[in-house]
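These are the residues of each chain, in order.
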Amino acid sequence: MVVPHHPAGARLARHRLAGELADVVPPILLADLIAVLAELVGNAVRHARPLPGGVVRVAWRLRPSAHGVLVQLGVTDGGGASTAPRLRTANADAADGRGLHIVAGLATRWGVERDGMGQRVWAEFDPVPTPLPDLVPAG
């Protein structure tokens with residue numbers, strides 16, 4: 001699907017994803033997918049040029065696996081700065097700079113593909129959750 005290269009594009013993408021996958025994936029996974037898609041579209045709007053027509057392309061793909069459904073999200077834009085999107089270190093009082101940390105924390109893996117026309121940032125969600133390390137009490 002294509003959405004406007006505008007903050008409203010993230011809302012449109014979230015609603016469409018939620019509507020199409022609500023009966024396909026577990027609710028907790030759907031919440032993660034919606035959060036990551038919002039971050040990826042938001043980043044495209046803030047940091048990249050639009051594709052021709054003033055849009056951003058949004059796609060998702062589901063593939064069956066032995067353990068459930070593997071989901072891949074992708075957002076394609078016209079590209080931005082000379083460097084690919086990357087994790088940044090944000091100060092505690094910074095207003096931005098945490099979006100890809102959210103993506104990295106929720107997705108199994110993510111990456112960037114660039115070509116002469118733009119870039120595609122993708123995030124993949126395995127059907128079997130990766131075990132979290134044991135939590136140690138603070139203090």
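Here, the structure is the one placed above.
Quantities reported herein were computed from a predicted structural model and do not represent experimental measurements. (Residues numbered from 1 in each chain as written. Predicted model: local features only at pLDDT ≥ 70, side-chain atom pairs only at ≥ 80, totals over all residues. Heavy atoms only, no water.)

**A word on the pattern of salt bridges**
Which entries qualify depends on this criterion: Salt bridges are defined by distance alone: a side-chain nitrogen of Lys or Arg within 4 Å of a carboxyl oxygen of Asp or Glu. Numbering of helices and strands runs from the N terminus; a helix is a DSSP stretch of H or I covering at least four residues, while a strand is a stretch of E covering at least two. A simple rule labels every residue: compare its accessible area, found with a 1.4 Å probe on the protein chains alone, to the largest value its type can have, and call it buried under 20%, exposed over 50%, or partly exposed in between.
What the rule picks out here adds up to 5 salt bridges. Here Arg 16 and Glu 20 are joined by a salt bridge, their closest N and O atoms 2.6 Å apart. One end of the pair, Arg 16, and the other, Glu 20, are both in helix H1 (residues 7-21), 4 residues apart, so they sit about a helical turn from each other. On the accessibility criterion, Arg 16 (40% relative accessible area) is partly exposed. Between Asp 126 and Arg 109 there is a salt bridge, and its shortest N-O distance comes to 2.8 Å. Here Arg 109 lies in strand E4 (residues 109-115) and Asp 126 lies in the segment after strand E5 (118-125), a separation of 17 residues in the sequence. Under the relative-accessibility criterion, Arg 109 is labelled partly exposed at 35%.

**Describing the side chain of Thr 76**
What counts, and what does not: The contact rule is simple, with two residues in contact once any of their heavy atoms fall within 4.5 Å.
Along the chain, Thr 76 turns up in strand E3 (residues 68-77). The class of Thr 76 is buried, set by a relative accessible area of 14%. Other than its neighbours up to four places away in sequence, Thr 76 contacts Leu 51, Val 56, Arg 57, Gln 119 and Arg 120.

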